[in-house]
Every structure is written in C-alpha cells, then in structure tokens.
Amino acid sequence: MKFDISEYQNTIYHDPQRYDDQYWWKKNDIEFWKTIYHKNKGNKILELGSGTGRLAIPLIKEGSEYTGLEISQEFCEYTKKRLQGYSTTYNIINQDFRNFNLHMKFDMIFIAFNTFLHLLTNSDASAFLQSVKQHMNKNTLLYIDIFVPNLLFLYRAKKRIKNLEYIDSQTNETIYIDEVCDYNRTNEINKITWIYYSKDKLKELKYNFTMRMYFPNTMNRLIIDSGLQISNLWGDYDLSSFNESSQLQIYECKL
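Rules of the game
- Residues numbered from 1 in each chain as written.
- Predicted model: local features only at pLDDT ≥ 70, side-chain atom pairs only at ≥ 80, totals over all residues.
- Heavy atoms only, no water.
- Helix = DSSP H or I, 4+ residues; strand = E, 2+ residues; numbered from the N terminus.
- Buried < 20%, exposed > 50% of the residue type's maximum accessible area, 1.4 Å probe, protein only.
- Polar contact = N/O pair within 3.5 Å; in protein donor to acceptor, adjacent residues only side chain to side chain.
- Contact = heavy atoms within 4.5 Å.
- Pairing = 2+ DSSP bridges.
- Axes fitted to C-alpha atoms, helices over the stretch in contact; angles between N-to-C directions.
- Phe/Tyr/Trp six-rings, centres within 6.5 Å; stacked < 30°, edge-to-face > 60°.
- Lys NZ or Arg CZ within 6 Å of the ring centre and 35° of its normal.

A. View of unusual backbone geometry. Even without a glycine there, the phi angle at H103 is positive, about 60 degrees. Note that H103 resides in the loop between strand 3 (90-94) and strand 4 (106-111). Given a relative accessible area of 70%, H103 falls into the exposed group. We note that L239 has phi near 70 degrees; this positive angle belongs to a residue other than glycine.

B. Inspection of the side chain of T140 at higher detail. Structurally, T140 can be placed in strand 5 (residues 136-147). A distance of 2.5 Å separates a polar side-chain atom of T140 from the backbone oxygen of F106. Of note is the side chain of T140, whose polar atom sits 2.8 Å from the backbone nitrogen of N137. Those residues in contact with T140 that sit more than four places away from it in its chain are F106, D107, M108, I109, H135, C253 and K254.

C. Structural context of the pairing of strand 11 (residues 248-254). Of all seven residues in strand 11, six are buried; the element is thus mostly enclosed. Direction of pairing for strand 5 relative to strand 11: antiparallel, over a ladder of six bridges. Bridge pairing in strand 11 places D145 opposite I250. Across five bridges, strand 10 (residues 229-234) lies against strand 11 in antiparallel orientation. Its bridge partner lying in strand 11, W234 is registered against I250.

D. Region of interest: the sheet that holds strand 6 (residues 161-168). What the four strands build is an open sheet, ordered 6-7-8-9; its pairing is antiparallel. Every other strand in the sheet has two partners, leaving strand 6 and strand 9 (204-212) as the edge strands with one partner each. Going from strand to strand, the sheet's axes swing by 25 degrees on average, the running direction of each strand aside. Judged from the nine bridges that link them, strand 8 (residues 189-197) and strand 9 form a sheet pairing that is antiparallel. By the bridge assignment, I189 is partnered in strand 9 with R212.

E. Summary view of the packing of aromatic side chains. Scanning all chains against the criterion turns up 18 aromatic pairs. When the centroid spacing of 4.8 Å and the interplanar angle of 50 degrees are considered together, the rings of Y19 and Y23 count as tilted. Look at Y23 and W25: their rings are 6.0 Å apart centre to centre, the planes differ by 55 degrees, and that puts the pair in the tilted class. Residue class for W25 comes out partly exposed when judged on its relative accessible area of 36%. Put simply, the rings of F32, W33, F110, Y143, W234 and Y237 touch in pairs and so form one group of aromatic residues. The ring centre of F106 lies 5.8 Å from the NZ or CZ of K44, which sits over that ring. Over the aromatic face of Y214 sits the side chain of R212, whose NZ or CZ is 4.3 Å from the ring centroid.

Keep in mind that these numbers describe shape and distance, not what the molecule does.
Below you can see the structure in the form of structure tokens.
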C-alpha cells in the first residue's frame, strides 16, 4: 500500500499507532523515569499528558499504581488495550490537564517529553500548577521535563529543515518530516509547520501546531508564584545539575 496523503491527513494525530510510529526513537528517558519512581516514597503516580502509554508500561512493570491523564479519547482507548494483561493497578482518564480534579492525592506526579509546552499562556500554566497542587500531599514530588529553547534555532528565517523520518507501520513505507518554525519573541509562541512526504515527493501534507517556549527564568517564576518549591533542577536524564549548556530543564518540585 502506497502513501495516501488524503487518508494520512485525516488520521495522523487521531491514530495513536501512527503517533507511535513517528516517535519510535524516544527511549532515552525511560531509565530516568524508572529511577525517579524508585526515588519517591509510595507507588501511587500520576502522568499528565500520558499519550499512548509509552511511559505507562515501564512504570507499571516497576510496580507502580499508575494513573494517566490524556486529552485524546483515541489515545486513551489505545493505551487501555496496550495495558490489558498487566496485574498492577492502573487507570487511564480522558481529561484536559489544564484544569482537572481527580479527588485524590498521588505520591508522584509528572509531565514528560515537552508536553508542558502545550500550555501556551502563563494563565494556562498557572491553572495547571494549581490543579496539580490539589493532588499533592506534603511528600508528593512533581516533575516537569522540557527542553531549553535554542535561540539560534528559533530565530532562523522560516527555513525548512529536515526533522525526522520513520516507517509507517500500516504501509511499511518511509515517511519524512521537514519543519518550518515561525517564532514570536513577544509571546514566546512557536508556530510550527511539519511537512510530511514519502520518497517520491509527489504529494505533501502540512500540519500546523503551536508550542510555548519556556525559558528557565519564566519556569522558575511560574513555579515559585504557584506556591511550589523547586527542590532540584537537572539538565539531563543522568541527573546532572542544570547549567548554561544544558539542553533540558527537568524540575523536581514540592509543596
């Protein structure tokens, strides 16, 4: 079956299998999250923006009592099917993490792999943090994992660059993605266009989305203003301290 751009456009972000195909390479944080889980007291954990269960599986295998919150109904149903057969307690909930209340407390709460960047405004980020606080007790730790914005990358003049490639599991065809960014330095929002195409380049799909670029000083202020304390700030998954050359900013926060 060849690459059908019209069919692809309708399913690319509603089909969790295609999402997994696209992010096949994201494995470098799994050991980090397992380490963090065992660092915490208690096994009741909440992942915000849990996607297709990429991190749910290894954390459930480690013995956690896992809850995932995900806005996509399709992703939730897909994750539930993936988790069938695991004896450990788990729960997948279809809700928007910008404002949620599950009426329970957790030992560990985390938002991984740049998912926090979908909070486009300070008010959204603040509402998120207040919602999180409702689910924390005095020992709960919150973790936020995002990249450090690269100004040289953001200020390039809407240049089309190669981003990634992957194998479509439905067609067994290699799909390529190029990227064009349009960054607004006033509101720190990056308008991103991903351009999908196959080897013959006969047709292309353009997919547009936006992400907020959170710089460390903004993150520090938002977290502190929310009433949380920053207990650790790491610059990589090896738990190295954050510094001016770090590409990641990984926050550990407490009440």
